[in-house]
Amino acid sequence: MTKAVRGARPIKNLAVKQHYDNHVYRNVSLDEYSEVWRNWLEYSDTKTINGLDEFGIADYTQGTSQTFDHFILKHSVTRQIICLTGDFQYHACLGKHINFTYVTNCDDLVNKIQGKGLHALLISMPFSDYGCMHPEFNDILNICAINDIPVCVDLAYWGISKNIHLDVTYPAIQEITCSLSKPFYTLENHRVGIRFTKSYADDGISMLNEVDMQNKYSMSLGVHFMKSFSPDWNWETHQENYEKICEQKNLVYTDTVIFGLGGEEYKHFNRGIPDNNRVCVSEYLGDTDI
């Protein structure tokens, strides 16, 4: 039975599944992989990313989660890890074992800062719970710059979003990560990710990439998909049906094609932000014969 879900699921699309089935493995170098990623992120008519060239080092990652693991591992020894209420639930799972806190907005962030150089922050773009750019994103980054708070920006929803205009030249942004799990059904099980950093990270991710021990099959799949589907493809393909489903289900549109925002009738979908009930509608948008 088709139903909305509280999490985030890719849209089951027959063309995507056929493209997956037609994939023929070939060895892909890290240089080629990272160059295809850069071109894909910037090849959009509906969103922009400015300053990616300042992040000169790129590493294959097992989805975005491996980037989060290493970002938290590196900083949690001497810093408190901060996330915004409503962001990716994975962070809270790791937060059980480290010095971790949520903040609700800029004012709350300022109040919880204990001093310069004592925190690190992760934030998604578009923001996970809103399905659009966080309204205080720029202010948050300015606060982080003033207080020496390194930031990791999560672009996991880049391939299912629109109307996002991201400037990554903010000095606080030290890492950017993205994956293909949400844009392309079947790839959620292959962990096709990338991490961009301004300087050498000197961690487990960089070591595995240096000795050429990446998941080569996933890299091949990633190039296979990014050369065939633009980051606008999901909106171009599903927008009409998405808007129809949102109207039928009494949901407000967002800038992320798998999410609508619901009222009181969807309160059981709430993820922490008062009166913000994010609903994943990908099951309604997918092909039923897969």
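Our structure's up above, just so we're on the same page.
Residues numbered from 1 in each chain as written. Predicted model: local features only at pLDDT ≥ 70, side-chain atom pairs only at ≥ 80, totals over all residues. Heavy atoms only, no water.

Undergrad: A description of the environment of Glu 32 should follow, citing residues and the corresponding values.
TA: On the secondary structure map, Glu 32 appears in helix H2 (residues 30–42). On a C-alpha basis, the gap between Glu 32 and His 238 in space is 30 Å, while along the polypeptide they are 206 residues apart. Aside from chain neighbours lying at most four places away, what touches Glu 32 is Arg 26, Val 223 and Lys 227. Side chain to side chain, Glu 32 and Arg 26 meet in a polar contact 2.4 Å long. (Helix = DSSP H or I, 4+ residues; strand = E, 2+ residues; numbered from the N terminus. Contact = heavy atoms within 4.5 Å. Polar contact = N/O pair within 3.5 Å; in protein donor to acceptor, adjacent residues only side chain to side chain.)

Undergrad: How would you sum up the environment of Asp 129? Please name residues and give values.
TA: Relative to the helices and strands, Asp 129 is located in the loop between strand E5 (119–124) and helix H6 (137–146). On the basis of relative accessible area, Asp 129 is assigned to the buried category, the value being 0%. For Asp 129 and Gln 174, which are 45 residues apart along the polypeptide, the C-alpha to C-alpha distance reads 23 Å. In contact with Asp 129, not counting residues within four places along its chain, are Gly 86, Leu 261, Arg 271, Ile 273, Asn 276 and Arg 278. There is a polar contact of 2.6 Å between the side chain of Asp 129 and the side chain of Arg 271. (Buried < 20%, exposed > 50% of the residue type's maximum accessible area, 1.4 Å probe, protein only.)

Undergrad: Tell me what's going on with the pairing of strand E11 (residues 259–262), and back it up with residues and numbers.
TA: Side chains Phe 259 and Leu 261 project from E11 onto one buried face, and the interleaved Gly 260 and Gly 262 project onto a second face that is buried too. Sheet topology note: the strand E10 (residues 252–253)/E11 ladder contains two bridges and is antiparallel. Across the sheet, residue Tyr 253 finds its bridge partner in E11, namely Gly 260. The hairpin formed by E10 and E11 contains five residues between the paired strands. Inspection of the sheet shows E11 paired to strand E12 (residues 277–280) by four bridges, in the antiparallel sense. Counterpart to Gly 262 in the pairing with E12 is Asn 277. (Pairing = 2+ DSSP bridges.)

Undergrad: So what's going on with the packing of helix H1 (residues 14–21) against helix H8 (residues 216–226)? Which residues, and what values?
TA: It is the contact of H1 with H8, at a shortest axis distance of 10 Å, that shows an interaxial angle of 130°. Taken as axis vectors, H1 and H8 run oblique relative to one another. Our pair here, H1 against H8, has a crossing hand that is right-handed. From H1, Val 16, His 19 and Tyr 20 reach across to H8, where they touch Leu 221, His 224 and Phe 225. (Axes fitted to C-alpha atoms, helices over the stretch in contact; angles between N-to-C directions. Parallel < 35°, antiparallel > 145°, perpendicular 65-115°, else oblique. Left-handed = near helix turned anticlockwise from the far one by under 90°.)

Undergrad: Break down a nonpolar patch on the surface for me, citing the residues and quoting the values.
TA: Together, Met 207, Val 211 and Met 213 give the surface a local cluster of nonpolar side chains, amounting to about 300 Å² of exposed area. Within the secondary structure, Met 207 sits in helix H7 (residues 204–210). Since its relative accessible area comes to 41%, Met 207 is described here as partly exposed. (Patch = residues over 30% accessible without salt bridge, like charges linked within 9 Å, V, L, I, M, F, W, Y side chains within 5 Å. Areas by Shrake-Rupley, 256 points an atom, 1.4 Å probe, with all protein chains shown as cover. Salt bridge = Lys/Arg side-chain N within 4 Å of Asp/Glu carboxyl O.)

Undergrad: Tell me about the layout of surface pockets, and name the residues and values.
TA: Approximately 450 Å³ is the volume attributed to the largest pocket. Along the wall of the largest pocket there are 27 residues; nearest its centre are Ala 8, Phe 88, Tyr 90, Tyr 157 and Lys 182. (1 Å grid on protein atoms, 1.4 Å probe; cavity = no way out; pocket = protein on both sides within 12 Å on 5 of 7 lines; lining within 4 Å. Points joined across faces, edges and corners; volume = space filled by probe spheres on them.)

Undergrad: Account for the sheet that holds E5, with residues named and values stated.
TA: One open sheet accounts for seven strands, arranged E2-E9-E8-E6-E5-E3-E4; its pairing is mixed. Of all strands in the sheet, those with a lone pairing partner are strand E2 (57–62) and strand E4 (100–103), marking the two edges. Within the sheet, the average angular offset between the axes of one strand and its neighbour, ignoring direction, is 25°. Note: strand E8 (residues 173–179) against strand E9 (residues 192–197), five bridges, orientation antiparallel. In the sheet register, Thr 177 faces E9, and the bridge partner there is Arg 195. Its contacts with the sheet put H2 on E2, E8 and E9, and the angle it makes with E9 is roughly 85°. Each of E2, strand E3 (80–84), E5, strand E6 (151–154), E8 and E9 is contacted by helix H3 (residues 65–75), which is oriented at about 165° to E5, the strand it contacts most.

Undergrad: Now, about H3: what can you tell me, with residues and values included?
TA: Counted residue by residue, H3 has eight buried out of 11 residues, so it is predominantly covered. For H3, the complete set of buried residues consists of Ser 65, Gln 66, Thr 67, Phe 68, His 70, Phe 71, Ile 72 and His 75.

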